[in-house]
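Coordinates in review
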Amino acid sequence: MTQTDRILLDPEDIHSRLTREGVGCPLFYRQEIDSTNEWAKRAAAEGAADGSVYLADYQSAGKGRRGRTWQSPEGTSVSMSLLLRPEIPADRISMLTLIMGLSAAEGMKAVTGLDVGIKWPNDVVIGGRKLCGILTEANSLVEYIVVGIGINCNMEAFPEELSQTATSLRLEMGRPVSREAVTAEILKAFYRNYEEFRKTCTITGSVKEAYEDLLVNRDRQVRVLDPKGEYEGISLGINEMGELLVQRADNGEAAAVYAGEVSVRGIYGYV
Ligand code: BTN
């Protein structure tokens, strides 16, 4: 794709898809921004409303987890951040990352029909490769939370270093996907799941069921990369805090693994 024939995201299309379904949220769009998470945080500091969405075609300084950078190629990916003000204790923040992971999987599935799954806590995967990345941030008093997602929609290839771990909806379907449809379906799913979450500030009922149905590492052997000591076991599902329950191979006990502290890998690979 050349500089001139790039097709930009159509925020009006996303907005009308949402309002048709009765989802009303303030939606802000920029063709280019440093990072939609940073943009949402700046807006939050100026009093922006709960549920506001910040959307961009291209990020010049996209942020990944653990201080890494995140590439968001213009014309093929979607970068979006949601500003939330749920009044929850700090130990519940990571649960919103799970809620976004679930919503992203549901939204992608609704548009493409692909058999996507979730690798705990929030990676949406297919064939062992990631379809999106999620970064959740909050200010120190947890007055606001920003949940940012980068969605791999229409990339036709990935750089060498990512080619074994990343994929796009286009690569999986063999044809391009409407980025507006994917964005709108993810937002619809998110607001539905977020509304349920806010009732109890736990992951319970239909949200927990939907999450566990999509959990690819359920009933699988996993290795828990705990800084206090790695161990293996069988992952059983999640609890109401969104922690992964792992039956340890060494002592048979069920351990609850907290998303902020440790990573979990399949024993034969990433999933
Ligand atoms: C990861 O490392 O897997 C998380 C990547 C998160 C990327 C998204 S893109 C939208 C939002 N803005 C950012 O700067 N990062 C997140």
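Residues numbered from 1 in each chain as written. Predicted model: local features only at pLDDT ≥ 70, side-chain atom pairs only at ≥ 80, totals over all residues. Heavy atoms only, no water.

1. Brief notes about the overall build of the protein
A count of helical and extended segments in the protein gives six helices and 13 strands. Relative to the globule expectation of 18 Å for 271 residues, the C-alpha radius of gyration of the protein, 18 Å, shows essentially globular dimensions. Its C-alpha atoms put the protein at 60 × 40 × 35 Å along the principal axes. Buried positions account for 53% of the 271 residues belonging to the protein. In the protein, the share of contacts with a sequence separation of at least 24, taken over all contacts with a separation of at least 6, comes to 64%. Charge separation in the protein, taken as the distance between the mean sites of 30 positive and 39 negative side-chain charges, equals 2 Å. (Helix = DSSP H or I, 4+ residues; strand = E, 2+ residues; numbered from the N terminus. Rg over C-alpha atoms; globule rule 2.2 N^0.38 Å. Buried < 20%, exposed > 50% of the residue type's maximum accessible area, 1.4 Å probe, protein only. Contact = heavy atoms within 4.5 Å. Lys, Arg positive; Asp, Glu negative; His and termini not counted. Charge placed at Lys NZ, Arg CZ, Asp CG, Glu CD.)

2. A short note on the sheet that holds strand 3 (residues 77–84)
Hydrogen bonds between backbone groups are what pair the strands of a sheet, and the pairing can be parallel or antiparallel. The five strands are arranged 1-2-3-8-7 in an open sheet whose pairing can be described as mixed. Edge positions in the sheet fall to strand 1 (27–33) and strand 7 (132–138), since each of these pairs with one other strand and no more. Strand-to-strand twist of the sheet, defined as the mean angle between neighbouring strand axes without regard to direction, takes the value 20°. By the bridge criterion, eight bridges tie strand 3 to strand 8 (residues 145–152) in an arrangement that is antiparallel. Paired with Ser79 across the strands is Gly150, a residue of strand 8. Where helix 2 (residues 36–45) meets the sheet, it contacts strand 1, strand 2 (52–59), strand 3, strand 7 and strand 8, and its direction lies at approximately 145° from that of strand 2. (Pairing = 2+ DSSP bridges. Axes fitted to C-alpha atoms, helices over the stretch in contact; angles between N-to-C directions.)

3. Examining the site of the ligand
Taken together, 18 residues lie around the ligand, and Ser35, Gln59, Lys63, Arg65 and Lys130 are the ones closest in. In this structure, Gln59 approaches the ligand through a side-chain N or O atom, which is 2.9 Å from a nitrogen atom. One of the backbone nitrogen or oxygen atoms of Lys63 is found 2.7 Å away from an oxygen atom of the ligand. Relative to its unbound accessible surface of 420 Å², the ligand loses 98% to contact with the protein. Taken together, the elements giving at least two residues each to the shell around the ligand come down to helix 2, strand 3, strand 7 and strand 8. (Near = heavy atom within 4 Å. Polar contact = N/O pair within 3.5 Å; in protein donor to acceptor, adjacent residues only side chain to side chain. Areas by Shrake-Rupley, 256 points an atom, 1.4 Å probe, with all protein chains shown as cover.)

4. Section: the nonpolar core
Buried together is how nonpolar side chains tend to be arranged in soluble globular proteins. Counting 66 residues, the largest nonpolar core has Met80, Leu82, Met108, Trp120, Ile151 and Phe197 as the members making the most contacts within it. Ranked by residues supplied to this core, first place goes to helix 3 (residues 93–112) with 10 residues. Those residues in contact with Ile151 that sit more than four places away from it in its chain are Thr76, Ser77, Val78, Met80, Met108, Leu131, Cys132, Val182 and Ile186. By size, the runner-up hydrophobic cluster in this structure holds 11 residues, among which are Ile33, Trp39, Ala40 and Val146. (Core = buried A, V, L, I, M, F, W, Y, C linked by side-chain atoms within 4.5 Å.)

These values are about where atoms sit, not about what they do.
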